[in-house]
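Secondary and tertiary structure notes
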Amino acid sequence: MIARVQPLTRTRAVRGPFDYRLRPDQSEVAVGSLLRVPFGGRPSLGVVVGLAGTSELEPDRLAEPDGVLPVGVPPDLVRLAEWMAGEYCSTPARALGLVLAPGATAGQRRKRALIAELSRSGERALDGTLEEPPGTRALTDRQRALLAQLRSRGPTVASELGTEALKRLQARGLVAIAQREIARRPARHSVGSASATPPPLTPDQERALAEILVALSRPGSDRKELLLHGVTGSGKTEVYLQAVQATLAVGRSAIVLVPEIALTPQALHRFQTRFGDIVAVMHSGMSQGERYDEWLRLASGDARVAVGPRSAVFAPLSDIGLVIIDEEHEGSYKHEGDPRYDARTVAARRARDHAAVLLLGTATPRPETVSSCRHLRLPRRIDGRALPPVEVLDMRGQHHPLHPVTRHALADLRREGGKAIVLLNRRGWSNFLSCRSCGRVWMCPHCEVALVLHRAGGFVACHHCGHRERVPSRCPKCASVAVARHGAGTERIERELTDALGAPDFPVLRLDADSSGLHERARTLERFQAAAGGLLVGTQMVAKGHDFPDVALGIVLDADQTLRFPDFRAEERTFALITQLAGRAGRGTRAGRVLVQTLAPEARSIAFAAHHDSDGFIADELIRREALRYPPYASLIRIVCAAADGAAAHATARDLHARVQAPGATVLGPAPLFRLRDRERSQIVIKATDRAAAIATVSAAVDERARAASARRVSVSVDVDPQ
Ligand SMILES: [Zn+2]
Ligand SMILES: [Zn+2]
């Protein structure tokens, strides 16, 4: 038998599969098996992508695999990886790397431990029915307590109760201890409310669920892509839960993608409370061992619901009936490493492969989702409250970072009690520093961007490469000590609000990428939840799905900041950010109010968000995109050439530019991008109506030039559907 093996190598120039001859004792090898193989004179790992009876090469010229690793990949994930390699202009090896069990190539194993269990004699000793042989000492109270604990817990890792004490009981035949495999499970957090039994649905939720169930029962994969378009607070999660319930009831499994577990622990908590142990979770806060064991629980069928961020789309489940993508508008579904896959596109592909229902939920759908999916609506909040009124505040001519109306509203809130969320999509103290006498701006030495002041930490930092310097006291060019600080970030707003309003019973808390670590962020959210009143200041993190019932005021500072990005999605992002933040206010008993400060009060996205008009925004956005040939009316492919030598990067880009002229495609560039991490960059953008043809042309061009580019020390990255 011949195994077609894709070696897991990083090089683009080497592309398999390569044939290996299987020995008779390797008959268990199948598509998806992970093999140790000799490759290019060195041992390597490879994935079997096919089996064949014969090879084009002579049998005695074929090498044999050195061994078979215990855990491979399900065949449907091998096919998915092969498709991803093509769709994202990557290589099969890199795509296969994404679908393997976490740590499989690093020798990850099941954990073994000494497990203690009560023996039958132990049971009888506890019940007092065991006759102790003469000469043995009676059990001490401690030992009796230990046995009782073991009875209530069942089989337990010995070290958790004290291995030595247990071994003494083992010697008396009361406890059995053995080496066994154990599953490492991630810690659980309990944030927000969750119920084990389904609550009654609103009529809107009933209607949406009924449509999902119809799609679920339909054979084949047609008309199974659904958009659950529900305003904030309309109870989307309960619809997800009951749809998963129905999927499990017909014996199929489900994948639930969420933007980021650390920021939305509530959703995970609700799934675990409803479904218990058949929920497996995967996220970056878990150890590799925990992720490996959760992967095995999914692969074995012990777990049938996978909940996690974008990589959970590769959960090794069989017979998937439902794939849910919560907050489908979120940019975090796009992977930034190679292959630069979009989990929403991959999820759609996986759902079709399994004839599963794809359910995308959000209050602010992307225009392309609206145009491709069947539209289900939840137009009302479940608590019956209206969405809060939104006031747009014109900041032109204002010098203080807070508008007078904002300051009044905050002072009223402080007096009357209650909570507010303040969103400013910019970290640090101020945007940039400049010298008052010569005008020098402090720039990153590695990137063409200004350094941002972080006052509390006493440093200025580059938000692109992480470079840090001490806060300058004088200008290195003219020696002036007058250093001006421009603009305001979350750190400065937090300080100003603390000085103006903060008190022990009215904390001002900050949530952004500087408040490091998952646990610190979870604690900040818990403190805000527990406080009677206070402020939560932060970047877009504060707008993500949190459900605090007593937020009376939502404030967006510098709402047009996201509009200034040179990106066709700038409008969509701005609209989503304001709508999502507005959705945090006015839940529960308090009426809400939302203030939006902006230098561009007439901007379309801001005006539509102020009227809670997502249909109007999408209709308008689709007209604009059609006119400009942006998605969904065309596909975009971005090629970036980067090198320390700018001329080499630009020459490679020019060279590729001539080779990527696909039929019906417009090729823009090469255009210089700002220097990043000491590398000059040059970019080409392809707008194509024939997506498959453009991808094929780009792949062929990049593959053909791969060797020449690496000889010039130019790295070439391809991004299909860039964000
Ligand atoms: Zn100066
Ligand atoms: Zn930098």
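Residues numbered from 1 in each chain as written. Chains lettered and ligands numbered in written order. Predicted model: local features only at pLDDT ≥ 70, side-chain atom pairs only at ≥ 80, totals over all residues. Heavy atoms only, no water.

**Examining the nonpolar core**
Core analysis: the largest hydrophobic core is formed by 76 residues, its most contacted members being Leu-257, Val-346, Ile-686 and Val-698. Sort the elements by how many residues they give to this core and helix 1 (residues 75-87) lands first, with seven residues. If near-sequence neighbours (up to four positions away) are discounted, Leu-257 is found in contact with Gly-308, Pro-309, Arg-310, Ala-312, Val-313, Ile-324, Ile-325, Asp-326, Tyr-333, Ala-343 and Ala-347. Formed by 32 residues, the second largest nonpolar core is a distinct cluster that contains Leu-209, Leu-248, Val-256 and Val-258. (Core = buried A, V, L, I, M, F, W, Y, C linked by side-chain atoms within 4.5 Å. Buried < 20%, exposed > 50% of the residue type's maximum accessible area, 1.4 Å probe, protein only. Helix = DSSP H or I, 4+ residues; strand = E, 2+ residues; numbered from the N terminus. Contact = heavy atoms within 4.5 Å.)

**Quick word on the coordination of the zinc ion (ligand 1)**
Distances from the zinc ion (ligand 1) to its protein donors, Cys-435 (SG), Cys-438 (SG), Cys-475 (SG) and Cys-478 (SG), fall at 2.2 to 2.4 Å. Around the zinc ion (ligand 1) sit four donor atoms; with metal-centred angles ranging over 103 to 114°, the donor geometry is tetrahedral. Taken in chain order, the donor set of the zinc ion (ligand 1) reads C-x2-C-x36-C-x2-C. Assessed through its relative accessible area of 3%, Cys-435 is described here as buried. (Donors = N, O, S within 2.8 Å, 3.2 Å for Na, K, Ca; no water. Tetrahedral: all angles 85-135°; square planar, octahedral: opposite > 155°, others 65-115°.)

**Comments concerning the domain arrangement of the protein chain**
In terms of domain boundaries, the protein chain breaks down into domain 1 (2-100), domain 2 (111-132 + 139-182), domain 3 (203-378), domain 4 (390-428 + 489-627) and domain 5 (635-720). When each unit is reduced to the centre of its C-alpha atoms, the spacing between domain 1 and domain 2 is 47 Å. (Domains from an automatic or database assignment.)

**A few points about the pattern of salt bridges**
The tally for this structure, following the rule as stated, stands at 55 salt bridges. In this structure, the salt-bridge partner of Arg-4 is Asp-19, at a minimum N-O distance of 2.8 Å. Taken as a pair, Arg-4 in strand 1 (residues 2-7) and Asp-19 in strand 2 (residues 18-21) lie far apart in primary sequence, 15 residues in all. Arg-380 is paired through a salt bridge with Asp-204; the nearest N and O atoms lie 3.0 Å apart. A residue pair is termed long-range when its members are at least 10 positions apart, and Arg-380 in the loop between strand 15 (374-378) and strand 16 (390-394) and Asp-204 in helix 7 (residues 203-217) qualify at 176 residues. Take Arg-380: its relative accessible area is 52%, and that puts it in the exposed class. On the basis of relative accessible area, Asp-204 is assigned to the buried category, the value being 9%. Through salt bridges with shared partners, a single ionic network connects Glu-328, Arg-366, Glu-368, Arg-569, Glu-571, Glu-572, Arg-604, Asp-620, Glu-621, Arg-624 and Arg-625. (Salt bridge = Lys/Arg side-chain N within 4 Å of Asp/Glu carboxyl O.)

**Quick look at the packing of helix 4 (residues 141-153) against helix 6 (residues 163-171)**
Two numbers describe how helix 4 lies on helix 6: the axes approach to 11 Å, and their chain directions differ by 95°. Considering their axes alone, helix 4 and helix 6 lie roughly perpendicular with respect to each other. Only Ala-165, Leu-166 and Leu-169 of helix 6 make contact with helix 4, whose side of the interface consists of Gln-143, Leu-146, Leu-147 and Leu-150. Partitioned by chemical class, the residues of the contact of helix 4 with helix 6 number six nonpolar, one polar and no charged. (Axes fitted to C-alpha atoms, helices over the stretch in contact; angles between N-to-C directions. Parallel < 35°, antiparallel > 145°, perpendicular 65-115°, else oblique. Nonpolar A, V, L, I, M, F, W, Y, C, P; charged D, E, K, R; others polar.)

**Regarding the coordination of the zinc ion (ligand 2)**
Octahedral metals with six donors have ideal donor angles of 90 or 180 degrees. Tetrahedral metals with four donors have an ideal donor angle of 109.5 degrees. Coordination sphere of the zinc ion (ligand 2), protein contribution only: Cys-444 (SG), Cys-447 (SG), Cys-462 (SG) and Cys-465 (SG), at 2.2 to 2.4 Å. Coordination at the zinc ion (ligand 2) is tetrahedral: its four donor atoms span angles of 105 to 114° at the metal. Sequence spacing of the donor residues for the zinc ion (ligand 2), all on one chain, is C-x2-C-x14-C-x2-C. You can see Cys-444 sitting in the loop between strand 18 (432-435) and strand 19 (452-454) and its partner Cys-462 sitting in the loop between strand 20 (459-461) and strand 21 (468-470), a full 18 residues away along the chain. Classification of Cys-462 by relative accessible area gives buried; the value is 3%.

**Here's the deal with the environment of Thr-163**
Within the element layout of this structure, Thr-163 appears in helix 6. Contacts of Thr-163, omitting those with residues within four sequence positions, involve Leu-114 and Ala-158.

**Concerning helix 2 (residues 92-99)**
Given 3.6 residues to a turn, an α-helix orients residues that are three or four positions apart in the same direction. In terms of burial, helix 2 is a largely internal element, six of the eight residues being buried. Three or more residues of helix 2 are buried, namely Pro-92, Ala-93, Arg-94, Ala-95, Leu-96 and Val-99.

**Thoughts on the sheet that holds strand 8 (residues 175-182)**
If you trace the three strands from one edge of the open sheet to the other, you get 7-6-8, paired in antiparallel fashion. Edge positions in the sheet fall to strand 7 (156-157) and strand 8, since each of these pairs with one other strand and no more. In terms of strand pairing, strand 6 (residues 111-118) meets strand 7 through two bridges, oriented antiparallel. Across the sheet, residue Ala-116 finds its bridge partner in strand 7, namely Thr-156. Sheet strands touched by helix 4: strand 6, strand 7 and strand 8. Its angle to strand 6, the strand with the most contacts, is close to 115°. (Pairing = 2+ DSSP bridges.)

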